[in-house]
Amino acid sequence: MATYDGFEYDVVIVGSGAGGGMSAHILTEAGIRVLMLEAGRDYDPVEETPMFNENHEAPLRGVSTSDKDFGYYDATVDGGWTVPGEPYTTGEGTEFLWWRARMLGGRTNHFGRYVPRFNDRDFKPFSHDGLGVDWPLDYEEVQPWYDKCEKLVGVSGNNPGIYDVPDSGEGVLQPHAQPRVYELLVEAACQKLGLPIVPMRRAVLTRAIDTREACFNATHCGRGCSIGAAFQTTTSVIPWAKDTGNLKVVTDAMVKEVHLDDNGRASGVTFVNRKTREDVRVDAGIVILAASACETARLMLNSKSERFPNGIANSSGQVGRNLMDSTGADISGHIPALRGRPRYNEDGLAGNHLYIPWWDYEGQDNGSVNFKRGYHLEIGGGFGEPEIGLGSYADGYGVAAKQMVRDYYGSNIGFALRGEMVVNDNCYCEIDPDVKDKWGIPVLKFHWKWSDEELNQVAHGLEWGEKLINAMGGYVTSPKRTPEEAILAGGQIIHEVGTTRMGDDPATSVTNKWGQTWDVDNLYIMDGGIFASNPHKNCTITILTLAMKNSTRLASQIKGEAS
Amino acid sequence: MSAKYVSKINRRDSLKWLGSMTSVVVIGGVVVACDAPETPMPDVKEGSHWPDLTFEPITGPKYGQDPDLLNPTTPWPKTLTQEQLNLVAHLSDIICPEDEGGPSATAVGVPDVIDEWISAPYADQQNDRVLILNGLQWLDDEASRRFGNTFMNISEAEQFQIIDDIAYEAQMEVAEFEHAAIFFDKLRTLVLGGYFTSPQGMRDIGYMGNVPIIGDYPGPTDEAKTHLEQVIANLP
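Residues numbered from 1 in each chain as written. Chains lettered and ligands numbered in written order. Predicted model: local features only at pLDDT ≥ 70, side-chain atom pairs only at ≥ 80, totals over all residues. Heavy atoms only, no water.

(A) Up close: the overall build of chain A. Counting secondary structure elements, chain A contains 13 helices and 19 strands. Here chain A has a C-alpha radius of gyration of 23 Å; the compact-globule value for 563 residues is 24 Å, and the two agree. Dimensions along the principal axes, computed over C-alpha positions, put chain A at roughly 75 × 55 × 50 Å. Scored against the burial criterion, the 563 residues of chain A give a buried share of 69%. When contacts within chain A are restricted to residue pairs at least 6 apart in sequence, long-range pairs at least 24 apart make up 72% of them. (Helix = DSSP H or I, 4+ residues; strand = E, 2+ residues; numbered from the N terminus. Rg over C-alpha atoms; globule rule 2.2 N^0.38 Å. Buried < 20%, exposed > 50% of the residue type's maximum accessible area, 1.4 Å probe, protein only. Contact = heavy atoms within 4.5 Å.)

(B) Here's a closer look at the overall build of chain B. For chain B, the helix and strand inventory stands at eight helices and two strands. If you take every contact in chain B between residues at least 6 apart in sequence, the share linking residues at least 24 apart comes to 62%. Summed over its atoms, the accessible surface of chain B is roughly 10,500 Å², and 50% of this surface lies on carbon and sulfur atoms. (Areas by Shrake-Rupley, 256 points an atom, 1.4 Å probe, with all protein chains shown as cover.)

(C) Inspection of the environment of B:Asp185 at higher detail. Residues and elements named next belong to chain B. Mapping Asp185 onto the fold places it in helix 6 (residues 178-196). On the basis of relative accessible area, Asp185 is assigned to the buried category, the value being 1%. In this structure the side chain of Asp185 is engaged in a polar contact, spanning 2.8 Å, whose partner is the side chain of Arg188. (Polar contact = N/O pair within 3.5 Å; in protein donor to acceptor, adjacent residues only side chain to side chain.)

(D) Seen up close, helix 6 (residues 181-193) of chain A. Residue and element names in this part refer to chain A. Relative to the 18 Å expected for 13 residues at 1.5 Å per residue, helix 6 spans 19 Å between its end C-alpha atoms, a close match to the ideal helical length. For helix 6, the set of buried residues is Val181, Tyr182, Glu183, Leu184, Leu185, Val186, Ala188, Ala189 and Cys190. In the stretch just after helix 6, Gly194 is the one whose phi turns positive, near 80°. (Expected span 1.5 Å × (residues − 1).)

(E) The sheet that holds strand 10 (residues 279-283) of chain A, seen in detail. Residues and elements named next belong to chain A. Pairing in this open sheet of three strands is antiparallel, and the strands run 8-9-10 from one edge to the other. Either end of the sheet is taken by a strand with one partner, and the two such strands are strand 8 (253-260) and strand 10. Direction aside, neighbouring strands of the sheet carry axes that sit 25° apart on average. Pairing of strand 9 (residues 266-273) with strand 10 involves five bridges; the strand directions are antiparallel. If you follow Gly268 over to strand 10, its bridge partner there is Asp283. (Pairing = 2+ DSSP bridges. Axes fitted to C-alpha atoms, helices over the stretch in contact; angles between N-to-C directions.)

(F) Structural view of the sheet that holds strand 6 (residues 198-199) of chain A. Residues and elements named next belong to chain A. Taking strand neighbours across the sheet as the criterion, the six strands line up as 6-13-14-15-12-18 in an open arrangement whose pairing is antiparallel. In this open sheet, the two strands that pair with only one neighbour each are strand 6 and strand 18 (475-476). Alignment of strand 14 (residues 375-381) against strand 15 (residues 412-419), held across seven bridges, turns out to be antiparallel. Directly across from Gly380, in strand 15, lies its bridge partner Gly414. Packed on one face of the sheet, helix 11 (residues 452-471) meets strand 12 (327-334), strand 13 (354-356), strand 14, strand 15 and strand 18 and runs near 20° to strand 12.

(G) Local environment of the interface of chain A and chain B. Facing 109 residues of chain A, the contacting portion of chain B comprises 99 residues. In terms of surface lost to chain B, no three residues of chain A exceed A:Leu60, A:Tyr397 and A:Lys402, which account for 9% of the buried area on that side. Joining chain A to chain B, the criterion identifies six salt bridges. With a closest N to O distance of 2.8 Å, B:Asp216 and A:Arg207 form a salt bridge. Inspection of the region where chain A meets chain B yields 39 residue pairs in polar contact (both at pLDDT 80 or more). Counting residues per element, the ones that place at least two in the side of chain A that touches chain B are helix 2 (45-48), helix 6, strand 12, strand 14, helix 10 (398-408), strand 15, helix 11 and helix 12 (483-486) of chain A. The dominant element in the side of chain A that touches chain B, judged by the number of residues it contributes, is helix 10 of chain A, at six residues. For the side of chain A that touches chain B, the residue count by class is 44 nonpolar, 36 polar and 29 charged. (Buried area = accessible area lost by both parts, 1.4 Å probe. Salt bridge = Lys/Arg side-chain N within 4 Å of Asp/Glu carboxyl O. Nonpolar A, V, L, I, M, F, W, Y, C, P; charged D, E, K, R; others polar.)

(H) Spotlight on the packing of aromatic side chains. Residue and element names in this part refer to chain A. Taken as a whole and assessed by the stated rule, the structure comprises 37 aromatic pairs over all chains. Between Phe118 and Phe531, the aromatic rings sit 5.9 Å apart at their centres with planes inclined by 85°, giving edge-to-face as the arrangement. Taken together, the residues span a long stretch of sequence, with Phe118 in the loop between strand 5 (89-90) and helix 3 (120-123) and Phe531 in the loop between strand 19 (523-525) and helix 13 (540-562) at a distance of 413 residues. Phe531 carries the same exposure label as Phe118, and that label is buried. (Phe/Tyr/Trp six-rings, centres within 6.5 Å; stacked < 30°, edge-to-face > 60°.)

(I) The environment of A:Thr540, seen in detail. Structurally, A:Thr540 can be placed in helix 13. Note: C-alpha distance between A:Thr540 and A:Gly106 (434 residues apart in sequence) is 12 Å.

(J) A look at empty space enclosed by the protein. Residues and elements named next belong to chain A. Taken as a whole and judged by the stated rule, the model has eight cavities of 30 Å³ or more. Here the lining of the second largest cavity gets three residues from one element, more than from any other, and that element is helix 4 (residues 125-129). When its residues are assigned to classes, the lining of the second largest cavity shows three nonpolar, four polar and seven charged. (1 Å grid on protein atoms, 1.4 Å probe; cavity = no way out; pocket = protein on both sides within 12 Å on 5 of 7 lines; lining within 4 Å. Points joined across faces, edges and corners; volume = space filled by probe spheres on them.)

(K) Geometry of unusual backbone geometry. Residue and element names in this part refer to chain A. If you check the backbone angles, Arg61 has positive phi at about 55° while not being a glycine. Within the fold, Arg61 resides in the loop between helix 2 and strand 5. Of note, Arg113 is a non-glycine position whose phi angle comes to about 60°, a positive value. Assignment of secondary structure puts Arg113 in the loop between strand 5 and helix 3. Since its relative accessible area comes to 0%, Arg113 is described here as buried.

(L) Here's a closer look at the side chain of A:Asn538. Within the secondary structure, A:Asn538 is located in the loop between strand 19 and helix 13. With near-sequence residues (within four places) excluded, A:Asn538 lies in contact with A:Tyr114, A:Pro116, A:His376, A:Glu378 and A:His495.

(M) A look at the pattern of salt bridges. All names here are of chain A. Per the stated rule, a full pass over the model turns up 39 salt bridges over all chains. Between Glu48 and Arg41 there is a salt bridge; the shortest N-O distance is 2.8 Å. Arg41 gets classed as buried once you look at its relative accessible area, which sits at 17%. The salt bridge involving Glu183 is made with Arg180; its shortest N-O contact spans 3.2 Å. In terms of burial, Glu183 and Arg180 fall into one category: buried. A cluster of three or more residues bridged by salt bridges with shared partners is formed by Glu86, Arg102, Glu295, Arg298 and Asp437.

(N) Looking closely at the nonpolar core. A:Leu37, A:Ile413, A:Phe415 and B:Phe183 are the most contacted members of the largest nonpolar core, which totals 218 residues. With 11 residues, helix 6 of chain B is the largest single contributor of residues to this core. If you look at the next biggest cluster of nonpolar residues, it comprises 13 residues, including A:Met51, A:Ala177, A:Ile227 and A:Ala229. (Core = buried A, V, L, I, M, F, W, Y, C linked by side-chain atoms within 4.5 Å.)

See the structure below:
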C-alpha cells in the first residue's frame, strides 16, 4: 500500500477518459484502492452542461473559434487543437492535429457516442490481406466482453445481421431511435444502389438504467449530457468508483515521469501540480497508463532510465510508432426535392440514427476495389438548430432571399467517410529534442504520411457519396477535390491509436494482449495505444471493452496475490 | 484548413460549401465548420475601385478555452461607429425585410450581431471586418461617384441601382463589381444567418427541436412521411 494525502491505495491510474475511467470502475468494484491522476481540471456535467442553450445566447452565434474549435457549447475544457503553453510539433511535410481535453473524463465528455464493435476480421487484418499485423486476440475472446461493456455503457441499436456489424448478445442493446426523413431518403438511395444502411449503435440511452436517465431527444451530445443519457465517464464509471470509497481522484495532476525501481518494476510516478507548479512524487504497486495513445507514449518516452534509455518499457522501440487515425473525408449535396419539406422535430438522439456500414468485403478479397480496408459513411442533414452559415444559402436580397433560406433549410445531405488506415512506418510520434511545454516536459513531434491505401479508399468513398447524392435526385455542392485534397489531416478524426501496440512478440510490440508491458510487468496500458490496427469503427467502445477485460484480469491477479 | 486546394474552388463555391457544411460535417459527433478554406481577396481589376483600408488588428479579450457555457458573455467591445451601424442597419433591412414569415433583421437585433462579429478578436472575424468595413466605404465611394453623395444620403431608387449591381452571385464575375459583390455576399450571410438564429428567426424557419420529448423519439409526422413517400416515388 502506498499513501497520498492520507489515502491508501495499490494502483495509480493516469488519465480519466474511456480507459482510465473503466479501469477505475472495475478495480474499485473488486475492492482495490485506486489513485487516479488527471491532468485537467475537475468537471461535473451535471452542473456544467449547457442543456438547451441556443446559439443566439453564445458569442458569435456559437460558431467555432480558435478558443472553442467545435463551437462555443462543445464540452471540451482547456483544450482542443491547441492547449496554451503545451505545444506539439510536426516533422517536415506533416499535417497532424492532436485534440486534447484538460478535464476529468477527458474526451469522453464530447465524443459522438458512435460505438460500432469490431468483427472477427478486424482483429486479424494481416491474416486477411497481408498488411500490418494481427491482434493477439480474436473476436471470440472479446465478444462476451463487448456484450458486458455495451450493457454497462448502455447502447441503443439493433442486430441487423450484417457482417460488418456483428450481433450483440440477446438483451444487450436498447431500442434504437426511429430514423428521420433525410435518413429514410438515404435509405431509399441505398436500396437503389444495393448498399446496406442500418441503425447506428449509439452510447445513448433510450431506456433509463442505474442513475442515468433516458435521452429526452434534445441537446447535442457534444456538449456533454447532464442527465447521463449520453455516455461519459464523468456521469458513470468515475462517480460509481468514487461511491465504493476505493477511489481518490486528483485533478490538475500532469504526470511527467514513470519511475523504475532497482528490480525493473514501476515504483510510482511524478506529476506536476498545475496549480502550484510543484513536482509531486507518488508511489504505486501497479501503474496503469490511460492518458490517451499519444500522451501515454509521450510519458513513456520521457521516462528514461539506465535500463530503458529510450523510454520505459520500450525495448522494442515501438513506443510512439504505428500511430494510426481514422481516415476522414466529407461530401455534401443539395437535394431539390427536399426544399420546403414539412417541418417537424428532427433532433432525436442528435447525430446519426442510421449509417452506411462497410459493404464490399468481397471486392477487397477479389481485388475489384483497389484498397484493403473498409470505411463507413455517417450521414449529415436535417432540421438542425439554425446556424449562422444558413445565410449563405441565399442570393440577392429582400423577401426572395429570405425565402431561399427557408426553402433550403433541411434540404442538404452530406456524408462523412470514416475509414481504416493501414499502419505505416511514416506515421509516428517521438520526443522533440528542442521543445518543452510550460511544465518543462519535452513535447511530442508528429510525423505523418498517408499511403495509396487511404487515398484509394477516400476516392472510392467520394465516388459513392456522389452516387448516393445523385440517386436522391441531388447534386454535389462541396468542391470537386482529389483524394489528396479531400482527406482530412492525420489526427483530425480524433481516433489516434497504436502507439503502444499489443502483440504476441515482445520484439515488435509493447504490451501483451492484456495491456501489460512486456518489459515492466506491473506497468499496464489501458488506452487506445494498445490497438494493433485501427478498424473503421469508432474506437471508444473497444477501448472501454478492453479496459474492462484487462482490468478484470488484473483485479483477479491482485486479489490472488493478496490472498 | 488546408491551403493547398484553395485555388481550385472559387469563393462562391467555398461559401456555399461552408454554409452547407455547417449542417453536415460531423467530427467526433460534433457539427463543425472549422476548416473553412481561406479565400484571399482577388486583385482589384482595372476600371474597378476598392478602398483597401487597412486596420489595426483587434487584440481585445477573447472568451478563452474554458468560458461559462451556461451563462455566456461576450468580452470584447463593439467597434462600429454610429454612422457605420446606421448603414449596416439600413442594409440589413434591405437584405432581410419584414415579410409574412417574420420580422425584419433590425427588429431582431441583427446589426448588433454584426457589430459583435466584426469586432471579435478571432482570425475569421478579423478577415470579415476588413471586408465589411471596406464594403461600407465602397458604398459611400460609389454613391458619391454616381450620385454625388454618401449612400445614406442618396434616394432609395439610387441606392437600389447600386445594390442591384452587387447583390447577385453572378456579379462576382464582373470585374467592376467583383469586390463589392464579395462584400455583399458576406454581409447577406451574416444578416440572414443572424436573423434565422434569433429566437424569432428560429420560429420563422420552423425549427421545432430543443424541447425535451420524454419517451421514444416519435420520428416524422404523417405529413412529413407523406411528403417523403412522394419524393421517393419520384426519384430519378
